2 protein chains.
Amino acid sequence: MAKRTQEQAEETRRAIIAAARHLFATEGYAATSIAKIVADAGATKGALFHHFASKESLFLEVWNTIQLEMDAETRAAAEAGRSPSDPYAAFLAGTRVYFKWASKEEYQRIALVDGRAVMGLERWQERDDRLGRSNVEGGVRHLARKGLIKERNVVALSIMLLNALNGAGFALTRNDPGITADSLFEAFEELLRGLR
Amino acid sequence: MAKRTQEQAEETRRAIIAAARHLFATEGYAATSIAKIVADAGATKGALFHHFASKESLFLEVWNTIQLEMDAETRAAAEAGRSPSDPYAAFLAGTRVYFKWASKEEYQRIALVDGRAVMGLERWQERDDRLGRSNVEGGVRHLARKGLIKERNVVALSIMLLNALNGAGFALTRNDPGITADSLFEAFEELLRGLR
DNA sequence: AGTTTTACATACCACTGGTATGTAAATTAA
DNA sequence: TTAATTTACATACCAGTGGTATGTAAAACT
């Protein structure tokens, strides 16, 4: 068998992405070889390099997919959580969901750890900004308009709050007795509401 | 020339570490080959593998060194900044210095980006806790004793604040017009003082 | 029906981190 | 002082890596 239908090609492509995503999440980018990926996907190196320019670009595709999944879910939660009485409600609802993502090993490995190292600082930042950071900034800006946060430091505060959330996700993986999802969320809420 | 004096051996060891540190900081861990390290250090692979068990353990030594340098400097600054009138003073003084570190490319690449990827989540966390996190926790605990922070969430808040600082460091490298060292520091101070 | 393009498969390549072996000088023991 | 041992490399080598070049047969288009 040599050539496939377009549909069949799409399927091998998806199989490769699925295998790569699983390996990247469980073993990490560096420890995942292309040979292993294609073996798991039931394909060959030729197929992989036909569909993807490099191991790195395959990783980027996986990274993008995960980020978009996360983005869609948090936005939806924020939208659903909006309340006319509590201006914090939408932000905190989105936060709760992002928080769940940041505590998943897959998200940590791919989005928070290896992503930075693979892409390098610059590319990671510009890509990261388009998603997580812009969402947080939206929430902070909303609170600023309501007079609950100083207008001047919106950007700086957004950066810090997003990173606080990421760190909280990391912390959750260790079964440290002092750290629970609730205590972290509560602490974040304190941080947010403390800003006047 | 075959065998060297102990002093000479120490020197080649230092040369290798220095070359590795520079390359790791400028090119990143993955893009730095052992061949390049020993070429820059004026040594051979044999020498490197005599002094270090692996590329990874060489990286760990560099990582450790940098973390200890940072730790010493921030602790000293916090100590020097202590004030009987302002309970926040010591913490903020230490913060200011850590902040300077987190904005250095060398620290970002080695300590904040590649370190996580190279060590993996678990090892990175347990090592990271012993330094940065424990310092922040000390500061937070001090404020909690003074009644300025809820005693209950000390650990959770420490994690978030440390990560907020790291993120601020990242943000500084991009020459984004909205972000300055001062605005970030000010935002952090707001965050901290907002906790009651 | 013929031409072109697609979707692979295979063989190959330079380079990687790491190892095994050799060796001469420094250090230690007798 | 000398003999035995250990140290500090240097060199040659190896399996595995990401990536490329080439081939090919069927699908898609003209």
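Analysis parameters
- Residues numbered from 1 in each chain as written.
- Chains lettered and ligands numbered in written order.
- Predicted model: local features only at pLDDT ≥ 70, side-chain atom pairs only at ≥ 80, totals over all residues.
- Heavy atoms only, no water.
- Helix = DSSP H or I, 4+ residues; strand = E, 2+ residues; numbered from the N terminus.
- Buried < 20%, exposed > 50% of the residue type's maximum accessible area, 1.4 Å probe, protein only.
- Contact = heavy atoms within 4.5 Å.
- UniProt positions renumbered as here; feature names shortened; annotations may be inferred.
- Buried area = accessible area lost by both parts, 1.4 Å probe.
- Salt bridge = Lys/Arg side-chain N within 4 Å of Asp/Glu carboxyl O.
- Near = heavy atom within 4 Å.
- Polar contact = N/O pair within 3.5 Å; in protein donor to acceptor, adjacent residues only side chain to side chain.
- Nonpolar A, V, L, I, M, F, W, Y, C, P; charged D, E, K, R; others polar.
- Least-squares fit on C-alpha atoms with pLDDT ≥ 70 in both.
- Axes fitted to C-alpha atoms, helices over the stretch in contact; angles between N-to-C directions.
- Parallel < 35°, antiparallel > 145°, perpendicular 65-115°, else oblique.
- Expected span 1.5 Å × (residues − 1).
- Phe/Tyr/Trp six-rings, centres within 6.5 Å; stacked < 30°, edge-to-face > 60°.

**Overview of the overall build of chain A**
Item 1. Assigned secondary structure in chain A consists of nine helices and zero strands.
Item 2. For chain A, the C-alpha atoms occupy an extent of roughly 65 × 40 × 30 Å along the three principal directions.
Item 3. Split into buried and exposed, the 196 residues of chain A put 49% on the buried side.
Item 4. Taking the contacts inside chain A whose residues are at least 6 apart along the sequence as the reference set, 68% of them involve residues at least 24 apart.

**Side note on the UniProt feature "domain: HTH tetR-type" (unreviewed entry) in chain A**
Item 1. When the UniProt feature table is mapped onto this chain numbering, "domain: HTH tetR-type" (unreviewed entry) sits at residues 10–70 of chain A.
Item 2. End C-alpha atoms of residues 10–70 of chain A are separated by 24 Å, and the span's content is 80% helix alongside 0% strand.

**With respect to the UniProt feature "DNA-binding region" (unreviewed entry) in chain A**
Item 1. When the UniProt feature table is mapped onto this chain numbering, "DNA-binding region" (unreviewed entry) sits at residues 33–52 of chain A.
Item 2. As annotated, residues 33–52 of chain A has a helix share of 75% and a strand share of 0%, and its two end C-alpha atoms lie 14 Å apart.

**Some thoughts on the interface of chain B and chain A**
Item 1. Taken together, the 37 residues of chain B in the interface contact 37 residues of chain A.
Item 2. Across the interface of chain B and chain A, roughly 3500 Å² is buried in total on both sides, 63% from carbon and sulfur atoms.
Item 3. When residues of chain B are sorted by the area they lose upon contact with chain A, Leu121(B), Met160(B) and Leu191(B) head the list and together hold 19% of the total.
Item 4. Counting the contacts that link chain B with chain A gives four salt bridges.
Item 5. In this structure, Lys150(B) and Glu190(A) form a salt bridge, with 3.9 Å as the shortest nitrogen-oxygen distance.

**Digging into the protein's contact with DNA strand D**
Item 1. Among the 20 residues in the neighbourhood of DNA strand D, the closest are listed as Lys45(A), Lys55(A), Lys3(B), Thr12(B) and Thr44(B).
Item 2. Here DNA strand D approaches the protein such that, of its atoms within 4 Å, sugar and phosphate make up 58%.
Item 3. At a separation of 2.8 Å, a phosphate oxygen of DNA strand D approaches a polar side-chain atom of Thr12(B).
Item 4. Within the contact set of DNA strand D, a phosphate oxygen lies 2.8 Å away from a side-chain nitrogen or oxygen of Thr44(B).
Item 5. Those elements that provide at least two residues to the surface near DNA strand D are helix 3 (45–51) of chain A together with helix 1 (6–27) and helix 3 (45–51) of chain B.
Item 6. When the residues that make up the surface near DNA strand D are grouped by side-chain class, the tally is five nonpolar, 10 polar and five charged.

**Details of the protein's contact with DNA strand C**
Item 1. Taken together, 20 residues surround DNA strand C, and among them Lys3(A), Thr12(A), Thr44(A), Lys45(B) and Lys55(B) come closest.
Item 2. Within 4 Å of the protein, atoms of DNA strand C come from sugar and phosphate in 61% of cases.
Item 3. Here His51(A) contributes a side-chain N or O atom positioned 3.1 Å from a phosphate oxygen of DNA strand C.
Item 4. Residue assignment for the surface near DNA strand C shows that the elements contributing at least two residues are helix 1 (6–27) and helix 3 of chain A together with helix 3 of chain B.
Item 5. With four residues, the top contributor of residues to the surface near DNA strand C is helix 3 of chain A.
Item 6. Within the surface near DNA strand C, the residues separate by chemical class into five nonpolar, 10 polar and five charged.

**Some remarks on the relation of the copies chain B and chain A**
Item 1. Take chain B, turn it by 180 degrees, move it 0.0 Å along the axis, and it overlays chain A with an RMSD of 0.0 Å. Given the turn and translation reported, the copies of this chain are related as if by a two-fold rotation axis. If distances are taken from each C-alpha of chain B to the rotation axis, the shortest is found for Gly194(B), at 2.1 Å.
Item 2. Looking at the interface residues of chain B, 100% of them are also at the interface in chain A, so both copies use one shared face.

**Notes on the pattern of salt bridges**
Proximity of charged atoms lets side chains of opposite charge pair with each other.
All names here are of chain A.
Item 1. Under the defined criterion, the tally for this structure stands at 32 salt bridges over all chains.
Item 2. Residue arginine 123 pairs with glutamate 56 through a salt bridge whose shortest N-O separation is 2.7 Å. Residue arginine 123 is located in helix 7 (residues 121–145), and its partner glutamate 56 is located in helix 4 (residues 55–80); the two are separated by 67 residues in the primary sequence.
Item 3. Classification of arginine 123 by relative accessible area gives partly exposed; the value is 31%.

**A few points about the packing of helix 1 of chain A against helix 6 (residues 105–119) of chain A**
Residues and elements named next belong to chain A.
Item 1. Running from N to C, helix 1 and helix 6 cross one another at 85 degrees; their axes reach a closest spacing of 8 Å. What the angle tells us is that helix 1 and helix 6 run roughly perpendicular. On the side of helix 1, the interface is formed by Arg21, Phe24, Ala25 and Thr26, while helix 6 contributes Glu105, Glu106, Arg109, Ile110 and Asp114.
Item 2. Among the residues making up the contact of helix 1 with helix 6, the classes are represented as three nonpolar, one polar and five charged.

**Digging into helix 9 (residues 181–193) of chain A**
Item 1. Across its 13 residues, helix 9 of chain A extends 18 Å between first and last C-alpha, which sits within 8% of the 18 Å expected from 1.5 Å per residue.
Item 2. Within the sequence span of helix 9 of chain A, burial applies to Ser183(A), Leu184(A), Phe185(A), Ala187(A), Phe188(A), Glu190(A), Leu191(A) and Leu192(A).

**Section: the packing of aromatic side chains**
Item 1. On inspection of all chains with the given rule, the structure shows 14 aromatic pairs over all chains.
Item 2. An angle of 70 degrees between the planes, with centres 5.6 Å apart, marks the rings of Phe170(A) and Trp124(B) as edge-to-face. Of the two residues, Phe170(A) sits in helix 8 (residues 154–173) while Trp124(B) sits in helix 7 (residues 121–145), which places them in two different chains.
Item 3. By relative accessible area, which is 6% here, Trp124(B) ends up buried.
Item 4. Between Tyr29(B) and Phe59(B), the ring centres sit 5.1 Å apart and the planes meet at 75 degrees, which makes this aromatic pair edge-to-face.

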